[in-house]
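Listed below, chain by chain, are the residues.
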Amino acid sequence: MADGRLKAVAHDLEDEEEMDGEEEGETEGEELDLSLFTAWRTDPPPPPPPRRHVSLLYSRDWDEMDEVAATSRESNHKRARVFDSGESSQYTGIPSGDLSFSQYTDMNYLHNLPYDDVERQDEAGDGGIDMATHDLTDENVPDAENPNVGNVEQPQSELRMDLTDDLLYLIFSFLGQKDLCRAGASCKQWHAASSHEDFWRSLKFDNIQITLENFVSICLRYHQNVKELNLSGVPRADVLFMEAASCLSRLETLTLGKGHLSDAFFQELSELPALINLSICDSALGGGINEATIQHDRLRNLHIVKCRSHRIAVRCPQLLKLSMKRSSMSHVTLHSPQLRELDLSSCHKLSDAAIRAAAVACPKLTSLDTSFCSCVTDETLREISQACLSLSSLDASNCHNISFESVKLSMLVDLKLHSCEGITSASMAAIAQSRLLEALQLDNCSLLTSVSLDLPHLRKISLVHLRKFVELNLRSPVLQYIKVSRCSALQRINIISNSLQKLVLQKQESLVNLSLQCYSLVDVDLSDCESLTNSICDVFSKGGGCPMLRSLVLDNCESLSVVEIRSCSLVNLSLAGCRTMTSLKLSCPSLKKVNLDGCDHLEVANFSPVGLESLNLGICPKLDTVHIEAPIMTTLELKGCGVLSKASIKCPCLVSLDASFCRQFVDGSLSGTVVDCPLIEQLTLSSCLAIGDDGLYSLIRLDRLTLLDLSYTFLINLQPVFDSCSKLKVLKLSACKYLTDSSLDALYKQGALPSLLELDLSYSSIGQNAIIELLANCTNLVNVNLNGCTNLHELVCVSADAMSIDGNSGNKDAVMASWKSERLLEVLNCTGCPNIKKVVITSGANCLHLLKINLNLSTNLKEVDLACSNLSILNLSNCTSLEILKLDCPRLTNLQLPACTMLAEDELEGAISHCNLLESLNINSCNKMNLEDFERLRSACPSLKRIQGGSLGGI
């Protein structure tokens, strides 16, 4: 007995190694081994090997459990219990201790159970286990109630796998049949769960190698359940099927492909009483020159796709649908009087007579596809129309020999004549007799010149790439979709429909006349219709036949010169690229969006009234006159309208007006706009050179004005601004070169603009004294821009005590002011100040909120001495003359010093030693810095996280 057990254990271990090898080397074309699942052996299983930590213990032997199950269904199947010795959790992935029930429902947990670590039955001579005669005794498998029986040690903790049948069904529903076979060989409960009829109604063996024995065994086992079988790509599929055909009496769907199907196969096929669907793909049918006959009394759907045979005969009296697409045969015989759908597309070897005979033999045919059968003629279509009176769908695309002139199909609903070179305007008379026609496709019919159809049921029409197509006339109350594209000769279109909602006629270069009576039309796109004239506006205006129009696109319609549209429904209008348009008049109360990009020659624009919320006229260099009446408009951009001199803007809700570069925007236009737009908060008059004192004084009416941009103007006197804009928060005076020091006296001497937070004096001629006075006395300023100020030589902000010491020393060039009050300054920008040499800000200057200083490109700057408690960013990039750097900035985090070629390492080390929070330092192209200096800088400032050194490297 002991010797037998040792042999069984050795045999079991060999099986486990073989299974591991199969799982690792598993490929798509490997042979499917179902021996573990198709039979059960009679010998009892051996005890678990000593090296294993997990064993499955059953509460009763299986014979006894069958007896209990027969008398009481409450207990169902007894669950396996897993005993864990502590080490097993590390090996199997199962945590030691008690597990909750929800953890056993996790699919990942089940897959983590190593198959080799579970006690399995070794194979017998027949490769399986006989479930009917299998007997587990207490000598071989310990009893759950007496765990000390046998050679199994008492476990320290017990894990109960209480998987109900419903739960196993749910889990197994995610498995393929190959995995189900493996799972079913584990235990009786899993075998029963994996054998559920729902899992085996469809046998899918496509592209899998399976032995004849296994296939027949599976079919025998599940012959009561199998309704669908897929053997596509299986070698010798016909032999497998014929061997198992007798046990597939309930089979309804059969799929085969990529092989050879003999005459014997088709004879066997006719013996399947329940077969309804048959699909054969890419196969050779029959033997040699003989006829392949498919005969079945109940078959409903037959697909023979891409198959090869000399002759094919179909004798299926109940067949409803037949597809022989892309099949290669010279003759086909049909005996299917109930056939409704026939697909013979791309059957290039079929003659015209063969196609005619096949279709005529099916009097109840409703759908026929002969596309890419170039031999089909009008005579064939005529005979089909006479024999198949119910034909409603015809696809004759790429049939070059048909003209359709004498074909009458009164029941036709769907017609496709794509790429039929014989279709001409004369063909339309025959098509017009199909009064039930709903869909028509005439793409690539190169000889078609005109289409005139009055079809009451036409819903869809496609006209693409018709090179000689000139005129289109359509009348259909239910027309919903029309596609006209790449018809370069099309000149006239007339459409009458009550249902059409969208019309796209892009790139119709020759289109001149468009007439629409489409009362439901919402969206129209006529982009790149270069020949459209001004009369097109009448089509979309009130009374033009499109009362519901909401979106109109006329982009790049370069023949339009005067556009005048009156519509109560229009919401979106695009005229981008209409370069010849000189006049625009829109009376559209619902208009929300308009695009005028690229309208370079527009001279007059009238928007009255419109429902626009925002308007951007883009760059209209010739626009002279603008009239805008928009009750809800909030944003208006007129920048780039260089010759605009007459502007009437009546927008009571306007908040932002940008008139940048409107050089002829005069005081009168500004005064009138201010009266009609009292809610303006942001006003940009940059480069408005014609604005004077009168226009600025009129700003007193704007109680909410907070931003005023007067950059690039010739202003000298700012008193009108100080008197009129008391609530101003942002004042931009960039590049106002005629301003003097006295121009800003009211700011720092009289306390003008008490709410001012941001002041931009970049590239102005303001002197150093005025700048120092501003910084000293305008304590409310938060952001100050002094970029490119050539008159700024020194920026020294010190305490009153330091100022008196300087004064006693006789330094008369330095102009100091009192810095007693705390100031709100946060950002100071002095980029590109070519003459500044010294910047000093001491702690006594009370710049407690200063966060950022930018001195980039100040090439003559030599000394920087800062004591700012909250400064976080300092930019000294390209300050090539910088030699002295002193920093007492405990919150500085970012210091930029690239191209500071004169700054020595010792000077930098001393500067950053007081910056306890510095994280980023850039010393790229600093010639006096070496790679060895990096460590010294880190020692001086331990908080440094990144030093960027360019050619020196970075840490």
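Just so you know, these numbers come straight off a predicted model, no measurement behind them. (Residues numbered from 1 in each chain as written. Predicted model: local features only at pLDDT ≥ 70, side-chain atom pairs only at ≥ 80, totals over all residues. Heavy atoms only, no water.)

Trainee: Please provide a residue-by-residue account of the packing of aromatic side chains, values included.
Mentor: In the structure shown here, the tally under the stated rule is seven aromatic pairs. Ring centres of Tyr 169 and Phe 199 lie 5.1 Å apart, and the angle between their planes is 20°; this geometry places the pair in the stacked category. With Tyr 169 in helix H7 (residues 165–172) and Phe 199 in the loop between helix H9 (188–194) and strand S5 (202–204), the pair connects residues that are 30 residues apart, well separated along the chain. By relative accessible area, which is 11% here, Phe 199 ends up buried. A ring pair is formed by Trp 200 and Tyr 222, whose centres lie 4.5 Å apart and whose planes are at 5°; its orientation type is stacked. (Phe/Tyr/Trp six-rings, centres within 6.5 Å; stacked < 30°, edge-to-face > 60°. Helix = DSSP H or I, 4+ residues; strand = E, 2+ residues; numbered from the N terminus. Buried < 20%, exposed > 50% of the residue type's maximum accessible area, 1.4 Å probe, protein only.)

Trainee: Which residues make up the environment of His 627, and what values do they have?
Mentor: Within the fold, His 627 resides in strand S35 (residues 625–629). Setting aside anything within four residues of it in sequence, one finds His 627 in contact with Ala 605, Asn 606, Phe 607, Ser 608 and Ser 648. Of the polar contacts made by the side chain of His 627, one reaches the side chain of Ser 648; its length is 3.2 Å. (Contact = heavy atoms within 4.5 Å. Polar contact = N/O pair within 3.5 Å; in protein donor to acceptor, adjacent residues only side chain to side chain.)

Trainee: Before we move on, could you go through the sheet that holds strand S44 (residues 794–797) and cite the residues and values that matter?
Mentor: Here four strands make up an open sheet; going across it, the order is S44-S46-S48-S50 and the pairing parallel. This sheet does not close on itself; its edge strands, each paired only once, are S44 and strand S50 (884–887). For this sheet, the mean inter-axis angle between neighbouring strands, taken without regard to orientation, is 10°. In this sheet, strand S46 (residues 838–841) lies alongside S44 in parallel orientation, the contact comprising four bridges. In the sheet register, Cys 797 faces S46, and the bridge partner there is Ile 841. (Pairing = 2+ DSSP bridges. Axes fitted to C-alpha atoms, helices over the stretch in contact; angles between N-to-C directions.)

Trainee: Residue-level account of the environment of Gln 224, with values.
Mentor: Counting through the fold element by element, Gln 224 comes out in the loop between helix H10 (212–221) and strand S7 (228–232). The partly exposed category is assigned to Gln 224, whose relative accessible area is 43%. Each C-alpha atom, one on Gln 224 and one on Leu 248, is 7.9 Å from the other, the two residues being 24 residues apart in sequence. Only 3.0 Å separates the side chain of Gln 224 from the side chain of Arg 250, close enough to count as a polar contact.

Trainee: Before we move on, can you summarise the state of the cysteines with the specific residues and values?
Mentor: In this structure the tally under the stated criterion is zero disulfides. Cys 281 carries a free sulfur, and the closest cysteine sulfur to it, the one in Cys 307, is 6.4 Å from it. Note on Cys 281: relative accessible area 36%, which makes it partly exposed. The closest cysteine sulfur to the non-disulfide-bonded Cys 889 is located on Cys 868, 5.2 Å from its own sulfur. (Disulfide = S-S within 2.5 Å.)

Trainee: Mind laying out the confidence of the model for the protein, listing which residues take part and the relevant values?
Mentor: On average, residues of the protein score 81 in pLDDT, and 80% of them reach the 70 mark or higher. Contacts of residues 1–14 to residues separated by more than four positions or lying in other chains number 17 contacts, the stretch itself having pLDDT below 50. This stretch, residues 33–160, has a pLDDT under 50; its non-local contacts, to residues over four places away or in other chains, come to 228 contacts. (pLDDT = per-residue confidence, 0-100.)

Trainee: Give a detailed account of the pattern of salt bridges, specifying residues and quantitative values.
Mentor: Under the criterion given, the structure shown has 15 salt bridges. Notably, a salt bridge pairs Glu 197 with Arg 201, separated by 3.3 Å at the nearest N-O pair. Overall, the relative accessible area of 37% leaves Glu 197 in the partly exposed class. The class of Arg 201 is partly exposed, set by a relative accessible area of 36%. The salt bridge involving Glu 291 is made with Arg 311; its shortest N-O contact spans 3.9 Å. With a gap of 20 residues between them, Glu 291 in strand S10 (residues 291–295) and Arg 311 in strand S12 (residues 311–315) connect regions that are remote in the sequence. Among the residues examined, Glu 291 registers a relative accessible area of 26% and is labelled partly exposed. For Arg 311, a relative accessible area of 30% translates into the label partly exposed. Where salt bridges share partners, they join Glu 905, Asp 906, Glu 909 and Arg 936 into one cluster. (Salt bridge = Lys/Arg side-chain N within 4 Å of Asp/Glu carboxyl O.)

Trainee: Got a sec to walk through the nonpolar core? Specific residues and values, please.
Mentor: For soluble globular proteins, the rule of thumb is that nonpolar side chains tend to be buried together. Phe 241, Phe 404, Phe 540, Phe 607, Leu 866, Leu 897 and Leu 908 are the most contacted members of the largest nonpolar core, which totals 266 residues. Apart from residues no more than four positions distant in its own chain, Leu 908 is found in contact with Leu 885, Leu 895, Leu 897, Leu 903, Leu 921, Ile 923, Met 929 and Leu 937. (Core = buried A, V, L, I, M, F, W, Y, C linked by side-chain atoms within 4.5 Å.)

Trainee: Pulling in residues and values, what's your account of the side chain of Ser 371?
Mentor: Tracing the chain through its elements places Ser 371 in the loop between strand S16 (367–369) and helix H14 (378–387). For Ser 371, a relative accessible area of 6% puts it in the buried group. Of note is the side chain of Ser 371, whose polar atom sits 2.8 Å from the side chain of Asp 369. Discounting residues that sit within four places of it in the chain, Ser 371 has contacts with Ser 345, Ser 346, Asp 395, Ala 396 and Ser 397.

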